[in-house]
2 protein chains.
Amino acid sequence: MAAEKWVLTVTAQTPTNIAVIKYWGKRDEDLILPINDSISVTLDPDHLCTTTSVAVSPDFTHDRMWLNGKEVSLSGGRYQNCLRELRSRASDIEDEKKGVKITKKDWEKLHVHVVSYNNFPTAAGLASSAAGLACLVFSLAKLMNVKEDHSRLSAIARQGSGSACRSLYGGFVKWIMGKEENGSDSIAVQLTDEKHWDDLVIIIAVVSSKQKETSSTSGMHDTVETSMLVEHRAKEVVPKRIIQMEEAIKNRDFPAFARLTCADSNQFHAVCLDTLPPIFYMNDTSHRIISYVEKWNRFEGTPQVLSSFSLKCEILILCRAVNKLVAVLLISHNRKAAAQLLQRLLFFFPPQSDTDLSSYVIGDKTILQDAGIQDMKDIEALSPPPEIKETNTPAQKYKGDVSYFICTRPGRGPVVLTDESLSLINPETGLPK
Amino acid sequence: MAAEKWVLTVTAQTPTNIAVIKYWGKRDEDLILPINDSISVTLDPDHLCTTTSVAVSPDFTHDRMWLNGKEVSLSGGRYQNCLRELRSRASDIEDEKKGVKITKKDWEKLHVHVVSYNNFPTAAGLASSAAGLACLVFSLAKLMNVKEDHSRLSAIARQGSGSACRSLYGGFVKWIMGKEENGSDSIAVQLTDEKHWDDLVIIIAVVSSKQKETSSTSGMHDTVETSMLVEHRAKEVVPKRIIQMEEAIKNRDFPAFARLTCADSNQFHAVCLDTLPPIFYMNDTSHRIISYVEKWNRFEGTPQVLSSFSLKCEILILCRAVNKLVAVLLISHNRKAAAQLLQRLLFFFPPQSDTDLSSYVIGDKTILQDAGIQDMKDIEALSPPPEIKETNTPAQKYKGDVSYFICTRPGRGPVVLTDESLSLINPETGLPK
């Protein structure tokens, strides 16, 4: 190390991900080892991501972290596990410009600062812990010159937050449950990159909820302890689904992809209900969104498959709880279907009169343009969709029942941001800018 | 048969029942053979029952039925199955007073009239088909002098509506799934009569629902076709639960009874969700009722079992869909707990201002007296329950979200009403009175 005062920083951006074959239940609570494989799609970080800057300096007296502008404790076991694993894998680094040299041994004594921001409303809470932990591990690994590949890093991120391991890659990602007791083979691997199936459009409806929150950690624990179905799911159902899902993704087979994802999402909610006490992650608004989209799917289906919604699914529906909110995730097979979906969603769930459209539909605004909606008047002018007209169902609207919509698509994995102006850390003080 | 004009009638009263280990899924759709055993409690017919009068006369030109004052068709396969089975088992009868003699052979040509009423609001739809079919079979069996015991009759009622077979007995009843292809061993048997455990109190909250109705017949079919969990439930989970439940009922072990019933109710909803498309039988109001009661259970629990709601359950909660409604069934282990429960339910879910209390809480009114509630003012004067005060949760009330409450208890099986003034059929015309 050099004698003078210095701060070294790295800034990285990491995406969030949503599971299409769900992780629910651990076989090891400390190491975060799951009871089944899972598969996720990485969301475009342009719309949803975490940016994290990490810094090291001989002046830092202890490890500190700031999350969305607020200092938070790093003392939790999960953060500590990640920091310990990274320190043990740190390598020598040399910054010739600053005249700094850090050896592998130095890392044991040096402290780090972590500053992290989500580019989406905190209230969404959308898997922020997954993106956040992945970004923490990825950026510290870069800072500490950890030479392991993304799969090895994913095993470290996994110990911070299970699904974080899937945020180390773009596109479609599989978290292999592994067999080893020490978790060394419980890692994420990329199935395909984000360009492989880039016509998918994802719309997330964030629904206000007054239901009691169940943290996923305690919920999973309760499920594994009390559900009589979850073991059968993990051992008998998911392994077959994983194989079918990999095939569906490889072939860009949307009907199969949709059928498997819907079935697995429903089964996730089913094992939550089969828990004592039961865990509810859906409410009347999410039921309503699902019913409308099902009705539309049936309406669009050609007659020979009318009775089998799952075979001709235009829109895939997932429902996830994110902190105190319920999010309904809708995946369209192309932009046209997505624009039609957004029209329908805005017809049934218009914003409150005092809401700004740009904060009601966030993310990829081009879907809004495709839907022909530029301002609130366009939403008011939307006519009832044909499937409603035909069935004579009264077009009841639920103003304010959805908090906002996020439009996005499959996206890339973590990247280092080399532009120093994007750093969240003041290079002089080592504190948040 | 005598030559002159005559009408012979029989009137019977049959209870409804609710499952504590649930029937969901058939292995034979025509014979209505289930994929697992189920256990139910029969509800007191003083509060919920079907009364049916049946008549035979040589003047009747075809079989006819009137349900709740409206003529309905008997041509459905399920009615026809019941009628055919009963006719084939009919015996000679002789009414010396009327000078009427009918031989076994005559029954093949004679037609019957059936007049049926439920003593509870039709809108409740509470397993009305179970009580109705059971009453039809029971009263016709009496009229036709069918000499088989209740278990054999249950196998006939089963072919009309599966759970009807459990309404042939009072107290706790097991429907044995049976093994025979022809269904001859798929019958109901009584586990204990209604006096065995007579301190149980049952409160049913009937909740308005705007959800799309899923008929149980098509819902069950879809579950068996598409759920990856239901077979495991039927083959691995339910058989063990049935043994444990019989033991809990025999020993009047409320904690075990409650744990098993809650777990099975949740699992029923779970396999409904694991169906494609998913079946929702709960809504925000039923979630709310469940959450309040759970909170109360936890509050009442002694500290050592605070974390395990299911071990010290004061109130047992079931949630069932009945036609277009959602019913939440709450079972208290004694009258005191039931009165406290009713106070809480009326506190959180008061009636609309223009509702008459006597139509808002129906059935056993003595629970209302025990709760110290005589009129609407008493409901308004209810103070927040202590468990709410302690947690500082704002006591939000949901006026109008519950349609009404029914208070009841375990009750007796079917009986013949010998008082002719109770007959629903005019003995001169053979038509509804």
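Refer to the structure printed above.
All values reported here derive from a predicted model rather than from experimental measurement.

1. Overview of the relation of the copies chain A and chain B
Next, step 1: Mapping chain A onto chain B is achieved by rotating through 179° and translating by 0.0 Å along the same axis, at an RMSD of 0.0 Å. Read as a symmetry element, the transformation amounts to a two-fold axis. Relative to the rotation axis, the closest C-alpha in chain A is found at A:Ala270, a distance of 1.9 Å.
Next, step 2: When the interface residues of chain A are mapped onto chain B, 100% of them again fall at the interface, so both copies present the same face.

2. Some words on the packing of helix α6 (residues 254-273) of chain A against helix α6 (residues 254-273) of chain B
Next, step 1: Two numbers describe how α6(A) lies on α6(B): the axes approach to 8 Å, and their chain directions differ by 180°. Considering their axes alone, α6(A) and α6(B) lie roughly antiparallel with respect to each other. Across the interface between the two elements, A:Asn266, A:His269, A:Ala270 and A:Leu273 of α6(A) pack against B:Asn266, B:His269, B:Ala270 and B:Leu273 of α6(B).
Next, step 2: Its residues placed into classes, the contact of α6(A) with α6(B) shows four nonpolar, four polar and no charged.

3. Section: the interface of chain A and chain B
Next, step 1: The partner chain B presents 32 residues to the 32 residues of chain A that form the contact.
Next, step 2: Both faces combined, the contact of chain A with chain B buries some 2,900 Å², and carbon together with sulfur accounts for 64% of it.
Next, step 3: Contact with chain B buries area across many residues of chain A, yet A:Leu229, A:Leu273 and A:Leu276 alone supply 19% of it, more than any other trio.
Next, step 4: The interface formed by chain A and chain B holds five residue pairs in polar contact (both at pLDDT 80 or more) in total.
Next, step 5: For the side of chain A that touches chain B, the secondary-structure elements that each account for two or more residues are α5 (230-250), α6 and α7 (284-300) of chain A.
Next, step 6: The greatest single-element share of the side of chain A that touches chain B, amounting to nine residues, is contributed by α6(A).
Next, step 7: Its residues assigned to classes, the side of chain A that touches chain B shows 15 nonpolar, nine polar and eight charged.

4. Some remarks on the packing of α7(A) against helix α8 (residues 335-348) of chain A
Residues and elements named next belong to chain A.
Next, step 1: Relative orientation of the contacting elements α7 and α8 amounts to 135°, with a least axis distance of 11 Å. Our classification of the angle between α7 and α8 gives oblique. Seen along the crossing, α7 lies across α8 with a hand that is right-handed. Note on element contacts: α8 touches α7 through Ala 337, Gln 340, Leu 341, Arg 344, Leu 345 and Phe 348, opposite Ile 289, Tyr 292, Val 293, Trp 296 and Glu 300.

5. Brief notes about the sheet that holds strand β19 (residues 415-416) of chain B
Residues and elements named next belong to chain B.
Next, step 1: A sheet is described by the order of its strands in space; here six strands give the open sequence β8-β7-β11-β6-β1-β19, paired in mixed fashion. Edge positions in the sheet fall to β8 (70-72) and β19, since each of these pairs with one other strand and no more.
Next, step 2: Direction of pairing for strand β7 (residues 64-67) relative to strand β11 (residues 111-118): parallel, over a ladder of four bridges. Directly across from Met 65, in β11, lies its bridge partner Val 114.

6. Thoughts on the sheet that holds strand β2 (residues 17-21) of chain B
All names here are of chain B.
Next, step 1: Taking strand neighbours across the sheet as the criterion, the four strands line up as β2-β5-β12-β13 in an open arrangement whose pairing is antiparallel. What marks the edges here is a single partner per strand, and that holds for β2 and β13 (188-192). Within the sheet, the average angular offset between the axes of one strand and its neighbour, ignoring direction, is 35°.
Next, step 2: Across four bridges, strand β12 (residues 172-175) lies against β13 in antiparallel orientation. Each residue of the ladder has a partner; that of Trp 175, found in β13, is Ala 188.
Next, step 3: Strands in contact with α6 are β2 and β12; relative to β2, the strand with the most contacts, it is inclined by about 95°.

What counts, and where the lines are drawn
- Residues numbered from 1 in each chain as written.
- Chains lettered and ligands numbered in written order.
- Predicted model: local features only at pLDDT ≥ 70, side-chain atom pairs only at ≥ 80, totals over all residues.
- Heavy atoms only, no water.
- Least-squares fit on C-alpha atoms with pLDDT ≥ 70 in both.
- Contact = heavy atoms within 4.5 Å.
- Axes fitted to C-alpha atoms, helices over the stretch in contact; angles between N-to-C directions.
- Helix = DSSP H or I, 4+ residues; strand = E, 2+ residues; numbered from the N terminus.
- Parallel < 35°, antiparallel > 145°, perpendicular 65-115°, else oblique.
- Nonpolar A, V, L, I, M, F, W, Y, C, P; charged D, E, K, R; others polar.
- Buried area = accessible area lost by both parts, 1.4 Å probe.
- Polar contact = N/O pair within 3.5 Å; in protein donor to acceptor, adjacent residues only side chain to side chain.
- Left-handed = near helix turned anticlockwise from the far one by under 90°.
- Pairing = 2+ DSSP bridges.

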